[in-house]
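Chain and residue survey
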Amino acid sequence: MALRFMQGLYSFVLVLITALLARYFTEQGMISFYDTLDIPPGTPENHYFSYAWSGIYVLLFLSFFIVLRSRKTLEQFEDANAMFVSQLFLQILSTFSFFYMEQLTASAIVIVLLDIVTALMMHTFFFISKWAFALTVPYLLWLLFATYLNIFVVMLN
């Protein structure tokens, strides 16, 4: 029981820290420069982003918790943990570089790296739990959409 609680807490804290940092950086950019950008076709209204990210963060928490509960070896834990933490770090870095630093090209590079690391994370999750893998599919789809938006923002500005 204590192990399950610690696994849930670990997963929750990682995702919560990421969500809070990403939200802070996004809010700063929304205040300072986002409205001055030319944005690509298909860009949703700003409030839809918070709904999407809220759902994605819940799915990320659940998927990683399932992985922590389902892994069979220490090596599986180390691989899954490294991939999960890496994609969270890149997610923070992407938001930081785009919204906070206003470095659109750097952000585009980071988000492409994030796409790759997320796909690798999903590959790792697949061999531990098919459910955990399935819960990350919406995240990758959203990231690919965000990548499209980011690259076109670079091209338009």
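Residue numbers restart at each chain and count upward from 1, following the sequence in its written direction. Selection of residues for local features in this predicted model requires a pLDDT of at least 70, selection of side-chain atom pairs for listing and counting requires 80 or more, and totals for whole chains, interfaces and linings are taken over all residues. Heavy atoms throughout the structure, all of them, feed into the side-chain values; hydrogens and water do not.

Observations concerning the overall build of the protein chain
- Helical segments are the DSSP runs of H or I of at least four residues, strand segments are the runs of E of at least two, and each set is numbered from the N terminus. What the protein chain contains, in helices and strands, is five helices and zero strands.
- Overall, the protein chain is about 50 × 25 × 20 Å in size when its C-alpha atoms are taken along their principal axes.
- Pairs at least 24 apart in sequence give 81% of the contacts found in the protein chain among residues at least 6 apart.
- When the accessible surface of the protein chain is summed, it comes to about 8,800 Å², and 72% of that surface belongs to carbon and sulfur atoms.
- The charged-residue count follows a simple rule in which Lys and Arg add positive charge and Asp and Glu add negative charge, with His and chain termini not counted at all. Here the site of a charge means atom NZ of a Lys, CZ of an Arg, CG of an Asp or CD of a Glu. In the protein chain, which carries 6 positive and 9 negative side-chain charges, the distance between the mean positions of the two groups comes to 23 Å. We call two residues contacting when some pair of their heavy atoms lies within 4.5 Å. Note on areas: Shrake-Rupley with a 1.4 Å probe; residue coverage comes only from the protein chains shown.

Observations concerning the confidence of the model for the protein chain
- The predictor reports its confidence for every residue as pLDDT, a score running from 0 up to 100. The predicted model of the protein chain has a mean per-residue pLDDT of 95, with 100% of residues at 70 or higher.
- Here helix α1 (residues 2-32) stands out as the least confident element of the protein chain, with mean pLDDT 94; helix α4 (residues 104-126) is the most confident, with 98.

Topic: the layout of surface pockets
- Taken as a whole, the largest pocket encloses approximately 870 Å³ of empty space.
- Lining the largest pocket are 32 residues, and of these T26, F49, W53, T95 and F99 sit closest to its centre.
- Residue assignment for the lining of the largest pocket shows that the elements contributing at least two residues are α1, α2 (46-70), α3 (74-100), α4 and α5 (130-156).
- Of the residues contributing to the lining of the largest pocket, the split by class is 19 nonpolar, eleven polar and two charged. Method remark: on a 1 Å grid restricted to protein atoms, a set of points is classed as a cavity if a 1.4 Å probe fits but cannot get out and as a pocket if it is open with protein on both sides within 12 Å along at least five of seven lines; lining residues have an atom within 4 Å of a point. Grid points are joined across faces, edges and corners, and a volume is the space filled by probe spheres set on the points. Residue polarity is assigned by list, with Asp, Glu, Lys and Arg as charged and Ala, Val, Leu, Ile, Met, Phe, Trp, Tyr, Cys and Pro as nonpolar; anything else, Gly included, falls into the polar class.

A few points about the packing of aromatic side chains
- Two aromatic rings from Phe, Tyr or Trp, using only the six-membered ring of Trp, form a pair when their centres are within 6.5 Å; if the ring planes differ by under 30 degrees the pair is stacked, by over 60 it is edge-to-face, and anything between is tilted. Summed over all chains, the structure comprises 23 aromatic pairs.
- Note on Y24 and Y100: the rings are 6.1 Å apart at their centroids and 40° apart in plane angle, and the pair reads as tilted. Taken together, the positions of Y24 in helix α1 and Y100 in helix α3 put the pair 76 residues apart, joining distant regions of the chain.
- Joined through ring pairs, the aromatic side chains of F49, W142, F145, Y148 and F152 make up one cluster.
- Here, a charge over a ring is recorded when the distance from Lys NZ or Arg CZ to the ring centre is within 6 Å and its angle to the ring normal is within 35 degrees. Across from the ring centre of F126, 4.2 Å away, lies the NZ or CZ of K130, which sits over that ring.

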